[in-house]
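# Summary of structural features
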Amino acid sequence: MMYLSQTDPELAQLIQRELVREQEGLELIPSENIVSRAVLEALGSVGTNKYSEGYPGKRYYGGCEAVDAVENLARDRAKALFGVTHANVQPHSGSPANQAVCFALLNPGDTLMGMHLYAGGHMTHGLELNFSGTYYHSVQYTARQDGYIDINEMRALAQEHKPKLIIVGGTAYPRIYEWTLYKEIADEVGAYLLADISHVAGLIVGGQHPTPVGIADVITTTTHKTLRGPRGAMILCNGEESDYLKPPPEKSRKYLPTMIDRAIIPGLQGGPHNHQTAAIAVALHEAAQPEFKEYAEQIVINAKALADSLLQYDFHLVTGGTDNHLLLVDLTNKGIPGKVAEKALVDAGLTVNKNTVPHDPRKPYDPSGIRLGTPTLTTRGMKKEEMKKVGQYINRVLSAPDDARVIETVRQEVKDLCAQFPIYPDLSYL
Ligand SMILES: Cc1ncc(COP(=O)(O)O)c(C=O)c1O
């Protein structure tokens, strides 16, 4: 057998370069994580060789016995972990999952309502440039000046526009989602409620965030953020299944599972990525272990500790702090644009992303803030003490973003800290 390093050393070098970057730096992007060796192994498995359009027991290809069992395992684990009757584990990622829900529940031109990107929503929640704002009539709610979701505005817009679908769940919202409030508003106007828990799924299964199960009509989640799985997504719901090969007897809440399944295939996708499904199954098994609860708890403890550290240095946190895994820092008072801050911090070994803040006068490519998160550092075993150090590094770099000596000194300290928390000690491509 030939290894990658023998057949394609150029590519192997690049993967090695990424491994070294992840090992030697502090990954503070809240939508990222470090998966286990077991997840990596499943992801690199022979499932990638197999086509299996359809669902277990109803495939359009032969030879699906093993991949049927893999997909059933992933579905059963998802159902048990989240407490739902139906799980579709085939969406290739979070955006297609949201697209499938829109395809299942709406007709082109119908009204949907979601949180604006600037306020922390995701593109697929109705941004005008996205499919969700192009093929549907999109109404966008925002956040209040203090950064919390503006419930009054959400209610007023819902009453005015009567959306068929309300989407809640963002990419940069540092507080708890109050599912029952959103459901109340959805019920007032007869809308479906979609809870996009991509960011907080791991916190939900770890008991650190309220679950939308039993409240929202449909739930989408990526599998690669706090849930610590491979890139991928799932759509979860309750309801009755009718024969997948025919349209359900009626388009209604009753037959949501079949509407969702048919929206994924034949609606949007072809063959599922069986290696990805296998890796999702592994991640779900890991998330069901008691240690995962401790992990989720530590993520939040660490985020609060990082918030405390930054507040000490007079950083302005949107909403004043965090209840979950992420922080949104408004750098206006520091006079540093988010883009400049991102560059200086990345140079110092702290990977963050620039981000808009609610009511940002600047544009997404050059916004006023940065977004930070603790899932990756927590996976590495870091605790409150290290968060204090991270806050201090950030302060030192952003107090002198143009000073190459400061950046180099911090970079070395970051590297030394990271050496104490190895990510894949036995992994090398060379
Ligand atoms: C809330 C939310 N929904 C959906 C997505 C889309 O996921 P993907 O990037 O896998 O398409 C993201 C990704 O950042 C997200 O944060």
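Residues numbered from 1 in each chain as written. Predicted model: local features only at pLDDT ≥ 70, side-chain atom pairs only at ≥ 80, totals over all residues. Heavy atoms only, no water.

In this section: the site of the ligand. Residues in close proximity to the ligand total 14 residues, the closest being Ser 93, Ser 95, Thr 171, Asp 196 and Lys 225. In the environment of the ligand, a nitrogen atom lies 2.6 Å from a nitrogen or oxygen atom belonging to the side chain of Asp 196. Within the side chain of His 199, a nitrogen or oxygen atom sits 3.4 Å from an oxygen atom of the ligand. Calculation on the ligand without its partners gives an accessible area of 390 Å², and the protein chains cover 83% of this total. Per-element accounting of the shell around the ligand gives the leading share, three residues, to helix α5 (residues 94-105). The class makeup of the residues in the shell around the ligand is no nonpolar, 12 polar and two charged. (Near = heavy atom within 4 Å. Polar contact = N/O pair within 3.5 Å; in protein donor to acceptor, adjacent residues only side chain to side chain. Areas by Shrake-Rupley, 256 points an atom, 1.4 Å probe, with all protein chains shown as cover. Helix = DSSP H or I, 4+ residues; strand = E, 2+ residues; numbered from the N terminus. Nonpolar A, V, L, I, M, F, W, Y, C, P; charged D, E, K, R; others polar.)

Burial analysis of strand β8 (residues 192-196) places five of its five residues in the buried class, which makes it a mostly covered element. Here β8 shows two buried faces, one formed by Tyr 192, Leu 194 and Asp 196 and the other by Leu 193 and Ala 195. The pairing of strand β7 (residues 165-168) with β8 spans four bridges and is classified as parallel. Note that in β8 the partner of Ile 167 across the bridge is Leu 194. Each parallel crossover has a hand, and the one from β7 via helix α8 (residues 179-189) to β8 is right-handed. (Buried < 20%, exposed > 50% of the residue type's maximum accessible area, 1.4 Å probe, protein only. Pairing = 2+ DSSP bridges. Right-handed = clockwise from strand over helix to strand, strands pointing away.)

Here we come to the environment of Pro 30. Inspection of the secondary structure puts Pro 30 in the loop between β1 (26-27) and α3 (37-43). Judged by its relative accessible area of 0%, Pro 30 falls in the buried class. Discounting chain neighbours no more than four positions away, the residues touching Pro 30 are His 199, His 325, Leu 326, Asn 353, Arg 371, Leu 372, Gly 373 and Pro 375. (Contact = heavy atoms within 4.5 Å.)

Turning our eyes to something else, we now look at the sheet that holds strand β12 (residues 326-330). Across the sheet, four strands lie side by side as β11-β12-β15-β14; this open sheet has antiparallel pairing. Edge positions in the open sheet fall to β11 (316-317) and β14 (353-355), since each of these has one partner strand only. Here β12 pairs with strand β15 (residues 369-373) via five bridges, running antiparallel. Looking across to β15, one finds that Leu 327 is bridged to Leu 372. Across the sheet, helix α13 (residues 338-347) touches β14 and β15, and the angle it forms with β15 is around 45°. (Axes fitted to C-alpha atoms, helices over the stretch in contact; angles between N-to-C directions.)

The next point concerns helix α10 (residues 256-268). Helix geometry: α10 is bent most strongly at Arg 262, by close to 25°, with proline Pro 266 lying one to four residues after it. Inspection of α10 places Leu 256, Pro 257, Thr 258, Met 259, Ile 260, Asp 261, Ala 263, Ile 264 and Ile 265 among the buried residues, and these make up the whole buried set. (Bend = angle between axes of the 7 residues up to and from the residue.)

In contact at an axis separation of 9 Å, helix α4 (residues 65-82) and helix α11 (residues 274-287) are set at 35° when each is read in the N-to-C sense. Crossing hand, α4 versus α11: left-handed. Mapping the contact onto sequence places Val 67, Val 70, Glu 71, Ala 74, Arg 77, Ala 78, Leu 81 and Phe 82 in α4 and Asn 274, Thr 277, Ala 278, Ala 281, Val 282, Leu 284, His 285 and Ala 287 in α11. (Left-handed = near helix turned anticlockwise from the far one by under 90°.)

Another aspect to go through is the domain arrangement of the chain. Along its sequence, the chain is organised into domain 1 (41-287) and domain 2 (290-419). Measuring from the centre of the C-alpha atoms in domain 1 to the corresponding centre in domain 2 gives 29 Å. On the side of domain 2, 29 residues touch domain 1, which itself brings 27 residues to the contact. Summed over both partners, the interface of domain 1 with domain 2 comes to about 2,400 Å²; 58% of that surface belongs to carbon and sulfur atoms. (Domains from an automatic or database assignment. Buried area = accessible area lost by both parts, 1.4 Å probe.)

One pass over the full model with this rule turns up one cavity of 30 Å³ or more. Its boundaries defined by the atoms lining it, the largest cavity holds a volume of some 40 Å³. Surrounding the largest cavity, Val 84, Val 213, Gly 214, Ala 216, Asp 217, Val 218, Ile 219, Leu 236, Cys 237 and Asn 238 form its lining. Broken down by secondary-structure element, the contributors of at least two residues to the lining of the largest cavity are β9 (218-222) and β10 (233-237). The residue inventory of the lining of the largest cavity, partitioned by class, reads seven nonpolar, two polar and one charged. (1 Å grid on protein atoms, 1.4 Å probe; cavity = no way out; pocket = protein on both sides within 12 Å on 5 of 7 lines; lining within 4 Å. Points joined across faces, edges and corners; volume = space filled by probe spheres on them.)

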